[in-house]
Amino acid sequence: MRLVKMEDFNNIYYVDSFPDDLDALFGKNKGQKKVYMKWLYQRLETLDVEGRSALQYEQFEQLNCEAPALYSIRHPQSKINERYIYVYFEQNNVILLTALKEKNRIDYEKAIKRSHNILIRLEEEE
């Protein structure tokens, strides 16, 4: 597992499995993916510039209090109820860990557990 710096951003990174999560999220619906990716990029621009201050907006939320704290980007009016889980590192840098469709609370719990496992793997590979 490795980190990849996102083009067009100064402080946004993703784990190399994140694009696969995005593909799974939208399946073969390229039109839907295009619309939601445009929305996501706008939120990432906010994160890139504002860092932790972005948490003041409804699209950003802290998921847990234990270290390392996980955060989510959510689309309040989304029909597919997608979530993007991330973590802050080294001040205001962001690592996108996973993406999911939240159909029920268990989906979120699985994604949080997966995110923690990704962080463990990243630490082991340093």
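All of these numbers come straight from a predicted model, not from anything done at the bench. (Residues numbered from 1 in each chain as written. Predicted model: local features only at pLDDT ≥ 70, side-chain atom pairs only at ≥ 80, totals over all residues. Heavy atoms only, no water.)

Caption draft 1: Expanded view of the environment of Lys-79. By the secondary structure assignment, Lys-79 is in the loop between strand S4 (71–74) and strand S5 (82–89). In this structure the C-alpha to C-alpha distance between Lys-79 and Cys-65, which are 14 residues apart in sequence, comes to 28 Å. (Helix = DSSP H or I, 4+ residues; strand = E, 2+ residues; numbered from the N terminus.)

Caption draft 2: Fine view of the packing of helix H1 (residues 18–26) against helix H2 (residues 30–50). Close contact between H1 and H2 brings their axes to 9 Å; oriented N to C, the two are set at 125°. It follows from the interaxial angle that H1 and H2 lie oblique. The element H1 and its partner H2 pack so that their crossing is right-handed. The segment H1 lies against H2, with Leu-22, Asp-23 and Phe-26 engaging Gln-32, Lys-33, Tyr-36 and Met-37. Looking at side-chain class alone, the contact of H1 with H2 contains 4 nonpolar, 1 polar and 2 charged residues. (Axes fitted to C-alpha atoms, helices over the stretch in contact; angles between N-to-C directions. Parallel < 35°, antiparallel > 145°, perpendicular 65-115°, else oblique. Left-handed = near helix turned anticlockwise from the far one by under 90°. Contact = heavy atoms within 4.5 Å. Nonpolar A, V, L, I, M, F, W, Y, C, P; charged D, E, K, R; others polar.)

Caption draft 3: Structural view of the pairing of S4. Note that strand S3 (residues 60–62) and S4 share 3 bridges and pair antiparallel. Bridging from a neighbouring strand, Gln-62 pairs with Tyr-71 of S4. Two strands pair when backbone bridges link them, and S4 and S5 are joined in this way by 4 bridges, in the antiparallel orientation. Its bridge partner lying in S5, Tyr-71 is registered against Tyr-86. (Pairing = 2+ DSSP bridges.)

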